[in-house]
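# Summary of the model geometry
Residue-level listing of the chains:
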Amino acid sequence: MGILEVKGVSKRFGGLQALGNVNLSIAENTVHAIIGPNGAGKSTLLNCLVGKLIPDTGSVMFDGQSVLGRKPHEINQMGISRVFQTPEIFGDLTVLENVLIPCFAKRDGAFELNAFGSVRSQADIRERAEQILLDVNMQDKGSMHAASLSRGDKRRLEMAMCLVQEPKLLLLDEPTAGMARADTNNTIDLLKEIKSKRDITMAIIEHDMHVVFSLAERITVLAQGTPLVEDIPEKIKGHPKVQEAYLGQAHDE
Amino acid sequence: MLGLKSKDTTLLVVVAILTLLAPFILNPFPENSALAQFNAGYPDLMQRFVIYGIFAIGFNILFGLTGYLSFGHAAFLGVGSYAAVWMFKLLSYNVVPAIMLSVIVAGIFSVLIGYISLRRSGIYFSILTLAFAQMSFALAYSVLSNPKFNLTNGETGLQVYADDPQIFHRAGLPDLPHFFGLSMRSTYTLDVGGWSFDFNAGYYFCAAIMLVVFYLAIRIFNSPFGLMLRAVKSNQQRLNYTGLNTRPYTLAAFVISGMYAGLAGGLLAAMDPLAGAERMQWTASGEVVLMTILGGAGTLIGPVLGAGFIKYFENIFSKINDGVLHAWFAFLPDGLENALVAIIHPFVGKGWQLTLGLMFMAIVIFLPGGLVEGGKRLGALFRRRSSDETASGETKPAE
Ligand SMILES: Nc1ncnc2c1ncn2[C@@H]1O[C@H](COP(=O)(O)OP(=O)(O)OP(=O)(O)O)[C@@H](O)[C@H]1O
Ligand SMILES: [Mg+2]
């Protein structure tokens, strides 16, 4: 039994079958990559996991509990954090404030009316936030406006916001897109380090095969809304079906 | 001090000093000079400055922090006024229970309206609040005012009559709103040379309350709760996916701002024991939006400045009539005098809103951050200039 069990999930947008009968099992404490051509339904699948979309059919179980019918904040509180394909951060706030918020969410839960204490006086929360900025190498950007960060930095910030929550399952939707090579390698190292430090399961969607093969312990290939193959990285590399999926898509373009 | 950052403490102290000295500051011109027209230091207007300041401070907690633009906050102002007058009618003219009830009733009312309106965001939220406020206006104006059940006294407005119970009223107490015997109307006038300064009990009562709620607003701004509200404005989706339930946060902000509005409404009634339905009309709701944007939404002091600015215009510019204009330009040749008066005429007196509208447009276009941004830019300009001077004074090469 994996920590995440997706069974028979399908999702239709009008005439488009974005997901058709997806079965996916992600084992606890593994890094599971989901790859596939553009429009394969990878992001749609994640949307079904975090409560952004409700699948037309099927079930999604996390840690033995169904996530369907729960609100996004409830699913997050169960232990699923997500880095989006286009960075979702608090652009009007400073970088430090961006990471303070998940720290509060982790400590105080979904709602806490603390209208008279000051943010600055919460030493434990500040320490955590500053530590995570150090971990992602953004300690000198704490007072910057998040909106003014580069694309790569926005992504790293979003990753920090997710990591500081210490989720059981971390969903990463193209975490290194838009990053320079050096930053991509830093991100790989960061994720490896997190993985070695504590128990965490990761599902990573990525087009950059260097990232995929550096991190993934298992790979699922998705094409046109259905899983094509699932195997260990070594077997995926030369798999004829995989070649076909990518090449077939290249033909369409 | 008081758990505030030093910058905020300074702001609070400055505001406190300015409100204390307002009777002097707002009356800079001698009584019988031509410019006495521009004096704003009379009790009525000073009271309105601080009361609408409270209204705008509260509105800013909702709009400035969360970005939810309510077009119905005057409903809470009106409810607060009605609640206060009912306390005057039933208990006594003491303002303390009246104001407490204003805040409580406005709080309950805003829980109801907020709970429903906050199911939507953006323009739909604004429309819902507007609809609720107009319904409240209709209720107050006619529905809740009939011979069998008269809660609001309709068009006439709710007021205290001689045959009202007033069960705690005693012979020695003033026959007007009072604070444990101190009448809100009692005024001490200080005459110095050509000047005369009014120190009014009602004004200082309101000012003291404004300072308290201003302090509370600063605390809210710097609290974890305030941080979440700013996060709602910035990216509500991210907040949800970060495990935070935005609904109770926005509802709490809505209710707090509703209670501020109720307090302001209660104070209006405490200064003048009358509550009318027009206080709830959409124009009144729009006015607090203008105040907040004009001063600087999301800033601490902006709404207070905006409130002062608009109330000043409403009361001072509206009183400049042709007679006053002719007196000003009397030194000019008749033809020129008449021409100038004709040009200025549409912008003053009854046309004061035209001037206000133009200024509002200018501020929104050139200073989207409101008066506060204007102040900041001036400050920056000033600093740059003075640092230029020191640099050139020391004849250091430019960097
Ligand atoms: N909300 C939506 N409404 C309608 N169609 C959608 C919606 N979301 C996704 N789609 C469509 O569903 C298909 C799958 O989209 P999805 O974003 O899941 O692909 P993807 O695998 O993440 O691709 P990429 O690698 O480009 O991110 C696409 O054809 C997309 O246009
Ligand atoms: Mg995608």
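The shown structure was predicted, so the numbers you read here are calculated from the model rather than taken from an experiment. (Residues numbered from 1 in each chain as written. Chains lettered and ligands numbered in written order. Predicted model: local features only at pLDDT ≥ 70, side-chain atom pairs only at ≥ 80, totals over all residues. Heavy atoms only, no water.)

With that settled, consider the sheet that holds strand β9 (residues 218-223) of chain A. All names here are of chain A. Strand order in this open sheet of 6 strands is β6-β7-β8-β3-β9-β10, and the pairing throughout is mixed. In the strand order of this sheet, the two ends are held by β6 (80-83) and β10 (226-231), each with one partner. Averaged over all pairs of adjacent strands, the angle between strand axes in this sheet comes to 15 degrees, irrespective of strand direction. Both strand β3 (residues 31-35) and β9 contribute to a ladder of 4 bridges, which runs parallel. Note on β9: the bridge partner recorded for His32 is Arg218. (Pairing = 2+ DSSP bridges. Helix = DSSP H or I, 4+ residues; strand = E, 2+ residues; numbered from the N terminus. Axes fitted to C-alpha atoms, helices over the stretch in contact; angles between N-to-C directions.)

With that settled, the discussion passes to the packing of aromatic side chains. All names here are of chain B. Here the structure, examined in full by the defined rule, presents 21 aromatic pairs over all chains. With 6.2 Å between their ring centres and 85 degrees between their planes, Phe76 and Phe109 make a pair best called edge-to-face. Placement of the pair is Phe76 in helix α4 (residues 74-90) and Phe109 in helix α5 (residues 95-117), with a sequence separation of 33 residues. Judged by its relative accessible area of 1%, Phe76 falls in the buried class. With a centroid separation of 5.7 Å and 90 degrees between ring planes, the pair formed by Phe76 and Phe254 is classed as edge-to-face. You can see Phe76 sitting in helix α4 and its partner Phe254 sitting in helix α9 (residues 246-271), a full 178 residues away along the chain. (Phe/Tyr/Trp six-rings, centres within 6.5 Å; stacked < 30°, edge-to-face > 60°. Buried < 20%, exposed > 50% of the residue type's maximum accessible area, 1.4 Å probe, protein only.)

Another point: the confidence of the model for chain A. Mean pLDDT over chain A stands at 92; residues scoring 70 or higher make up 97%. Mean pLDDT values over the elements of chain A span from 63, in helix α9 (residues 240-252) of chain A, up to 97, in helix α2 (residues 72-78) of chain A. (pLDDT = per-residue confidence, 0-100.)

Here we take up the site of ligand 1. All names here are of chain A. Residues in contact with ligand 1 amount to 13 residues; listed here are only the nearest, Asn38, Lys42, Ser43, Thr44 and Gln85. At 3.2 Å from an oxygen atom of ligand 1 is found a main-chain nitrogen or oxygen belonging to Ala40. Contacts to ligand 1 include Thr44, whose side-chain N or O atom sits 2.5 Å from an oxygen atom. For the shell around ligand 1, the secondary structure elements donating two or more residues are β2 (16-26) and α1 (42-49). By residue number, the principal contributor to the shell around ligand 1 is α1, which donates 3 residues. (Near = heavy atom within 4 Å. Polar contact = N/O pair within 3.5 Å; in protein donor to acceptor, adjacent residues only side chain to side chain.)

Under the definition given, this model contains 2 cavities of 30 Å³ or more. Its volume calculated, the largest cavity comes out at about 60 Å³. If you go around the largest cavity, the residues you meet are Phe104, Ala105, Asp108, Gly109, Glu112 and Asn114 of chain A together with Pro224, Phe225, Met228, Leu244 and Tyr249 of chain B. Sorting the residues of the lining of the largest cavity by element identifies α3 (95-108) of chain A together with α8 (224-241) of chain B as the ones contributing at least two each. (1 Å grid on protein atoms, 1.4 Å probe; cavity = no way out; pocket = protein on both sides within 12 Å on 5 of 7 lines; lining within 4 Å. Points joined across faces, edges and corners; volume = space filled by probe spheres on them.)

This paragraph deals with the interface of chain A and chain B. Contact residues are listed per partner, giving 39 residues for chain A and 27 residues for chain B. Where chain A meets chain B, there are 2 salt bridges. For Arg230 of chain B, the salt bridge is made with Glu97 of chain A, and the minimal N-O distance between the two is 2.9 Å. Linking chain A with chain B are 21 residue pairs in polar contact (both at pLDDT 80 or more), by the criterion used here. Within the residue set of the side of chain A that touches chain B, elements represented by two or more residues are α2, β6, α3 and α5 (151-163) of chain A. A total of 6 residues in the side of chain A that touches chain B trace back to one element, the largest contributor, which is α3 of chain A. (Contact = heavy atoms within 4.5 Å. Salt bridge = Lys/Arg side-chain N within 4 Å of Asp/Glu carboxyl O.)

In a regular helix each residue adds 1.5 Å, so 14 residues correspond to 20 Å; α3 of chain A covers 20 Å between its end C-alpha atoms and thus fits that length. With 11 of 14 residues buried, α3 of chain A is to be regarded as a mostly interior element. In this structure, the buried residues of α3 of chain A make contact with α2, α4 (123-135) and α5 of chain A together with α8 of chain B. The first or second residue beyond α3 of chain A is Gly109 of chain A, which carries a positive phi of 85 degrees. (Expected span 1.5 Å × (residues − 1).)

Below, the discussion takes up the coordination of the magnesium ion (ligand 2). Residues and elements named next belong to chain A. Looking at the magnesium ion (ligand 2), one finds its protein donor set to be Ser43 (OG) and Gln85 (OE1), positioned 1.9 to 2.2 Å from the metal centre. Of the two residues, Ser43 is situated in helix α1 and Gln85 in the loop between β6 and α3; the sequence distance between them amounts to 42 residues. For Ser43, a relative accessible area of 22% gives the class partly exposed. (Donors = N, O, S within 2.8 Å, 3.2 Å for Na, K, Ca; no water.)

A few words on the nonpolar core. With 156 residues, the main nonpolar core has Val99, Ile101 and Leu157 of chain A together with Ile54, Ile61, Phe225 and Leu267 of chain B as its most contacted residues. For this core, the element with the most residues is α9 of chain B, which contributes 16 residues. Setting aside residues up to four positions removed in sequence, Leu157 of chain A forms contacts with Ile89, Val95, Asn98, Val99, Met138, Ala146 and Leu149 of chain A. (Core = buried A, V, L, I, M, F, W, Y, C linked by side-chain atoms within 4.5 Å.)

Residues and elements named next belong to chain B. Among the structural elements, Arg279 can be located in the loop between β6 (274-275) and α10 (282-295). For the buried Arg279, no salt bridge is present, and the opposite-charge side chain at shortest range is Glu278, 5.0 Å distant. Side chain to side chain, Arg279 and Ser81 meet in a polar contact 2.8 Å long. When residues no more than four places from it in sequence are discounted, the contact partners of Arg279 are Ala74, Leu77, Gly78, Ser81, Gly265, Leu268, Ala269, Leu274 and Ala284. (Lys, Arg positive; Asp, Glu negative; His and termini not counted.)

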